[in-house]
Amino acid sequence: MDRRLPCTYILASRRRRTLYVGVTSNLIQRIWQHKNDVTVGFTNRYDVHLLVWFERHETMESAILREKTIKGWKRDWKVRLIEEENPHWIDLYPALI
């Protein structure tokens with residue numbers, strides 16, 4: 001996977017628990033930062049470190065728009081989005097590195 005490809009992603013603390021929606025231009029680096037608590041914030045505070053869904057985009061603008069759209073969704077819709085591609089909520093990060 002190209003390291004500099006815009007992505008929208010969802011992290012979870014564990015299956016069907018706390019969710020975090022984010023956007024980045026470097027998915028591998030950004031998820032590493034979350035997993036290693038590089039910055040203090042939501043994912044650090046609530047132990048949200050499992051990459052359970054991500055989507056690649058052609059432009060950063062489209063990735064940001066998708067992030068904002070998903071953040072506005074009901075929780076059930078986010079869960080459905082995750083489970084369509086990752087029904088067991090497996091951490092996808094190891095497959096990326």
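Going by the structure above, here's the rest.
**What about the environment of Asn36?**
Link 1 in the chain: For Asn36, the location among the structural elements is in the loop between helix 1 (27-35) and helix 2 (42-45).
Link 2 in the chain: The exposure class of Asn36 is partly exposed, given its relative accessible area of 40%.
Link 3 in the chain: In sequence terms Asn36 and His49 are 13 residues apart; their C-alpha atoms lie 8.6 Å from each other.
Link 4 in the chain: Among the polar contacts listed, one links the side chain of Asn36 to the backbone oxygen of Trp32, at a separation of 2.8 Å.

**Details of the pattern of salt bridges**
If the charged atoms of two oppositely charged side chains come close together, the side chains can form a pair.
Link 1 in the chain: The final tally for this structure, using the stated rule, is four salt bridges.
Link 2 in the chain: As a salt-bridge pair, Glu55 and Arg66 come within 2.8 Å of each other at their nearest N and O atoms. Of this pair, Glu55 sits in strand 3 (residues 50-56) while Arg66 is found in helix 3 (residues 60-71), placing the two residues eleven residues apart along the sequence.
Link 3 in the chain: Between Glu67 and Lys71 there is a salt bridge whose closest N-O contact spans 3.2 Å. Separated by four residues within a single helix, Glu67 and Lys71 lie in helix 3, roughly one turn from each other.
Link 4 in the chain: By relative accessible area, which is 11% here, Glu67 ends up buried.
Link 5 in the chain: For Lys71, a relative accessible area of 47% corresponds to the partly exposed category.

**Details of helix 3**
Link 1 in the chain: Across its twelve residues, helix 3 extends 16 Å between first and last C-alpha, which sits within 8% of the 16 Å expected from 1.5 Å per residue.
Link 2 in the chain: Among the residues of helix 3, Ala63, Glu67 and Ile70 are the ones counted as buried. The buried residues of helix 3 occupy an angular sector of 70° when projected down its axis, which confines them to one face. Opposite the packed face of helix 3, turned more than 90 degrees from it, sit the exposed residues Glu61, Leu65 and Lys68.
Link 3 in the chain: Contacts made by the buried residues of helix 3 are with strand 1 (7-12), strand 2 (19-24), strand 3 and helix 4 (75-85).

**What to know about the environment of Glu67**
Link 1 in the chain: In this structure, the C-alpha to C-alpha distance between Glu67 and Tyr93, residues 26 residues apart in sequence, is 19 Å.
Link 2 in the chain: Among residues more than four places away in sequence, those in contact with Glu67 are Thr8, Val21, Gly22 and Val23.

**As for helix 1**
Link 1 in the chain: Burial in helix 1 covers these residues: Leu27, Ile28, Arg30, Ile31 and His34. For helix 1, the angular spread of buried residues about the axis comes to 165°, placing them on one side.
Link 2 in the chain: On its buried face, helix 1 sits against strand 1, strand 2, helix 2, strand 3 and helix 5 (93-96).
Link 3 in the chain: Downstream of helix 1 by one or two residues, Asp37 has phi in the positive range, about 50°.

**Let's talk about the packing of aromatic side chains**
Link 1 in the chain: Counted by the stated rule, this structure contains four aromatic pairs.
Link 2 in the chain: Geometrically, the ring pair formed by Tyr9 and Tyr20 is tilted, given 6.3 Å between the ring centres and 45° between the ring planes. Within this pair, whereas Tyr9 is found in strand 1, its partner Tyr20 is found in strand 2, the two being separated by eleven residues in sequence.
Link 3 in the chain: Taking the relative accessible area as the measure of exposure, Tyr9 reaches 1% and is therefore buried.
Link 4 in the chain: Aromatic side chains Tyr20 and Phe42 sit 6.1 Å apart centroid to centroid with 25° between the ring planes, which places their arrangement in the stacked category. Of the two residues, Tyr20 sits in strand 2 while Phe42 sits in helix 2, which places them 22 residues apart along the sequence.
Link 5 in the chain: Take Phe42: its relative accessible area is 34%, and that puts it in the partly exposed class.
Link 6 in the chain: What links up through ring pairs into an aromatic cluster is the set Tyr9, Tyr20, Phe42 and Tyr46.

Cut-offs used in this document
- Residues numbered from 1 in each chain as written.
- Predicted model: local features only at pLDDT ≥ 70, side-chain atom pairs only at ≥ 80, totals over all residues.
- Heavy atoms only, no water.
- Helix = DSSP H or I, 4+ residues; strand = E, 2+ residues; numbered from the N terminus.
- Buried < 20%, exposed > 50% of the residue type's maximum accessible area, 1.4 Å probe, protein only.
- Polar contact = N/O pair within 3.5 Å; in protein donor to acceptor, adjacent residues only side chain to side chain.
- Salt bridge = Lys/Arg side-chain N within 4 Å of Asp/Glu carboxyl O.
- Expected span 1.5 Å × (residues − 1).
- Arc of directions from axis to C-beta.
- Contact = heavy atoms within 4.5 Å.
- Phe/Tyr/Trp six-rings, centres within 6.5 Å; stacked < 30°, edge-to-face > 60°.

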